[in-house]
Amino acid sequence: MRLLKDNIKIVHFCLLIGCLNFLFFHYPFFKFIFNSLDYRSFNGITIIICFIILMVIANSFAFFLILYLLRFAGKIVLALSFVINAMAVYFINTYGVIIDGGMVGNVLNTNYDEAAGFFSVKLLLYVIVLGVIPAIIIIKAKIVTVTFKRFLGITSATLLFILIVAFANSQNWLWVDKNSKVLGGLAMPWSYTVNLSLHFIHQHQENEKEILLPDATIKDHQKSVVVLVIGESARSENFSLYGYGKNTNPLLSKTPDVYKFNATSCATYTTAGVKCILEHKNTGELYEILPNYLYRNGVEVVWRTTNWGEPPVHIKNYLNKEALMKDCKGDGCAYDEVLLNNLKEQIAASTKDKVLIVLHTSTSHGPEYSKKYPPQFETFKPVCNSVELAKCSNTELVNAYDNTIGYTDYILYNVIEDLKQLKEYKSAMIFVSDHGESLGEKNLYMHGLPLSLAPKQQYDIPFIVWTSDNSLKQLKTENSLTQEYVFHSVLNFLGIQSPVYNEELNIFK
Ligand SMILES: [Zn+2]
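In this text the structure is predicted, and so the values were computed from the model without any measurement. (Residues numbered from 1 in each chain as written. Predicted model: local features only at pLDDT ≥ 70, side-chain atom pairs only at ≥ 80, totals over all residues. Heavy atoms only, no water.)

Draft legend 1. Examining the overall build of the protein chain more closely. Helix and strand counts for the protein chain stand at 18 helices and 14 strands. A principal-axis box enclosing the C-alpha atoms of the protein chain has dimensions of 85 × 50 × 50 Å. Counted over contacts in the protein chain with a minimum sequence separation of 6, partners at least 24 positions apart contribute 76%. As presented, the protein chain carries roughly 23300 Å² of accessible surface, and 61% of it is formed by carbon and sulfur atoms. Side chains of the protein chain carry 44 positive and 44 negative charges; the gap between the two charge centres is 9 Å. (Helix = DSSP H or I, 4+ residues; strand = E, 2+ residues; numbered from the N terminus. Contact = heavy atoms within 4.5 Å. Areas by Shrake-Rupley, 256 points an atom, 1.4 Å probe, with all protein chains shown as cover. Lys, Arg positive; Asp, Glu negative; His and termini not counted. Charge placed at Lys NZ, Arg CZ, Asp CG, Glu CD.)

Draft legend 2. Summary view of the packing of helix α4 (residues 42–70) against helix α5 (residues 72–95). Their axes nearest at 6 Å, the elements α4 and α5 cross at an angle of 145°. Here α4 contributes Phe63, Ile66, Leu67 and Leu70 to the contact with α5, which in turn contributes Phe72, Ala73, Gly74, Lys75, Val77 and Leu78. For the contact of α4 with α5, the per-class residue count stands at 8 nonpolar, 1 polar and 1 charged. (Axes fitted to C-alpha atoms, helices over the stretch in contact; angles between N-to-C directions. Nonpolar A, V, L, I, M, F, W, Y, C, P; charged D, E, K, R; others polar.)

Draft legend 3. Molecular detail of helix α18 (residues 485–494). Counting buried positions over the 10 residues of α18 gives 10, a clear majority of the element. Buried within α18 we find Tyr485, Val486, Phe487, His488, Ser489, Val490, Leu491, Asn492, Phe493 and Leu494. Count one or two residues on from α18 and you reach glycine 495, which has phi positive near 70°. (Buried < 20%, exposed > 50% of the residue type's maximum accessible area, 1.4 Å probe, protein only.)

Draft legend 4. Fine view of the sheet that holds strand β8 (residues 354–360). As summarised here, the arrangement of the 8 strands in space is β7-β6-β8-β4-β9-β12-β5-β13, forming an open sheet in which the pairing is mixed. Two strands close off the open sheet at either side, each with one partner strand: β7 (317–319) and β13 (480–481). Relative to strand β12 (residues 460–467), strand β9 (residues 426–433) is paired through 5 bridges, and the arrangement is antiparallel. Bridged to valine 432 within β12 is phenylalanine 463. Running at roughly 165° to β9, helix α17 (residues 394–421) makes contact with β4 (224–231), β5 (258–264), β8, β9 and β12 of the sheet. Helix-sheet contacts for α18 involve β4, β8, β9, β12 and β13, and the interaxial angle to β4 is about 165°. (Pairing = 2+ DSSP bridges.)

Draft legend 5. Summary view of the UniProt feature "transmembrane region" (unreviewed entry) in the protein chain. Taking the UniProt record as the reference, the feature "transmembrane region" (unreviewed entry) is found at residues 12–30, 42–70, 77–98, 118–139 and 151–170. Measuring from the first to the last C-alpha atom of residues 12–30 gives 24 Å, for a span that is 95% helix and 0% strand. The straight-line gap between the two end C-alpha atoms of residues 77–98 is 22 Å; of that span, 86% is helix and 0% is strand. (UniProt positions renumbered as here; feature names shortened; annotations may be inferred.)

Draft legend 6. Layout of the packing of aromatic side chains. Here the structure, examined in full by the defined rule, presents 23 aromatic pairs. Here phenylalanine 24 and phenylalanine 25 contribute two aromatic rings whose centre-to-centre distance is 5.8 Å and whose plane-to-plane angle is 90°, an arrangement assigned as edge-to-face. Relative accessible area serves as the criterion here: at 26%, phenylalanine 24 is assigned to the partly exposed category. An angle of 10° between the planes, with centres 6.3 Å apart, marks the rings of tryptophan 303 and tyrosine 318 as stacked. Of this pair, tryptophan 303 sits in strand β6 (residues 300–305) while tyrosine 318 sits in strand β7, and the two are 15 residues apart along the sequence. For tryptophan 303, a relative accessible area of 0% puts it in the buried group. Residue tyrosine 318 is classed as partly exposed on the basis of its relative accessible area, which comes to 33%. By way of ring pairs, the aromatic residues Phe22, Phe29, Phe30 and Phe51 are connected into one cluster. (Phe/Tyr/Trp six-rings, centres within 6.5 Å; stacked < 30°, edge-to-face > 60°.)

Draft legend 7. Looking closely at the side chain of asparagine 85. Mapped onto the elements, asparagine 85 comes out in helix α5. Among residues more than four places away in sequence, those in contact with asparagine 85 are Asn21, Phe25, Met188, Pro189 and Tyr192.

Draft legend 8. Summary view of the coordination of the zinc ion. For the zinc ion, the protein coordination sphere consists of Glu232 (OE), Glu232 (OE), Thr270 (OG1), Asp434 (OD) and His435 (NE2), at 2.0 to 2.7 Å. Counting along the primary sequence, the residues that act as donors to the zinc ion give the motif E-x37-T-x163-D-H. Here aspartate 434 lies in the loop between β9 and β10 (438–439) and threonine 270 lies in helix α13 (residues 270–278), a separation of 164 residues in the sequence. Aspartate 434 matches threonine 270 in its accessibility class, with the two residues each being buried. (Donors = N, O, S within 2.8 Å, 3.2 Å for Na, K, Ca; no water.)

Draft legend 9. Structural detail: the state of the cysteines. This model, assessed by the stated rule, comprises 2 disulfides. Note that cysteine 266 is cross-linked by a disulfide to cysteine 276, the S-S spacing being 2.1 Å. Given an S-S torsion of about 100°, the disulfide between cysteine 266 and cysteine 276 has right-handed geometry. On the criterion of sequence distance, the pair formed by cysteine 266 in the loop between β5 and α13 and cysteine 276 in helix α13 is long-range, its members being 10 residues apart. A sulfur-sulfur separation of 2.0 Å characterises the disulfide bridge that pairs cysteine 328 with cysteine 333. Looking down the S-S bond of the cysteine 328 and cysteine 333 bridge, the torsion is -80°, so its handedness is left-handed. Note on accessibility: cysteine 328 and cysteine 333 belong to one class, buried. Free cysteine cysteine 14: the closest other cysteine sulfur is in cysteine 19, separated by 11 Å. Owing to a relative accessible area of 36%, cysteine 19 belongs among the partly exposed residues under this scheme. (Disulfide = S-S within 2.5 Å.)

Written as structure tokens, this is what we have:
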């Protein structure tokens, strides 16, 4: 290729890379603009043309600054950005996600097992064709740079040009502002670079110590236990308890004293949803979370998890999947029922009057729904086995997802059966999901869209409660709950007095 043999001027090279960046990675960006503007109107055409010009020029200019200032290191930065862009665009095209702050947090918190679940030949093709090949060209190109004087001239001329185009479009700023979240989440490579920086700034702020709550007191000596089951990507729409057409709750629907509430999640991704379930109020701050608070005030607290993404838990009994699998025998141990292994025994062995068990499940985590339950739970067939959700028929996809709900039903039923056998305890089981899930409605899959844009499937969550008959606890009839109800209801059930307790957020009479 001539490009690799001959010298090329830095300005030409940056314009070329800017055009490639535009052509390769901005199909979703412009698809969004085309869908949300009237592209047959004069104004619509103006916005689109200005966006194309601004995108190519501004990106070329950014590449110019990087290459001029960083030289060879700049080449590596650009090459890397093409590879990451390729992956990002694959996920945007395949799952309809947006690379915003929440999504960046999700990616950073994803463990190897989950990441492996996303691997596909299509992803490999994206990375090689759109990422690796341009990266090699960038590294190998012989670029002729400019003098410092000319660098200043080019910089000021470009900035002036960008300002003029931007101001000529000032009547459209409102539209841009209104859609800034989506536009920012689809512009490469800025979606992840900006959001990654913001993520680390936030994380730094959040790593500051959790704000301790005022001390609590245990009011009585009655033996009580609450099992809080945190669901993963479970949406209420697919529970037959909530009126779904298929029987996804064959066991719970026959269990007496099971109640369901309509509820919504505070966010559409795991870390935020779980935080809301555990906190006494929903703010940007990190307050002492329920398990830490109760543990510090003399309650027996056990955390069992096959998932991730919770705020820091400071208790003695924290059991992850590896720890749980060690003592577990049978085929079910590879699935979420491992969370129930020796659970009854662990509760019975406690010397404390008050016990909180948190089971953090991962049962309906996509995209490989069909791998989240044992084969005998494949009630609805055929199922989708591909990680590229759009490749499956919608029926196959929903069947696989519904099987995870059926498996959840089985797990919750067994929690209740365990609690029934602990006769000296008054007991409760609370099941709340971290967020919902999209299954192809409006061409959206999985979750993680900003709450303001998300369809209800991503935030309408199940909130299912069971209490033992010796608890004599009646439930209030609340219309719609939020995840904040968990904290206060658990305090009420366990008989714990606290200055932060809010009776309005308690479901028990
Ligand atoms: Zn989640």
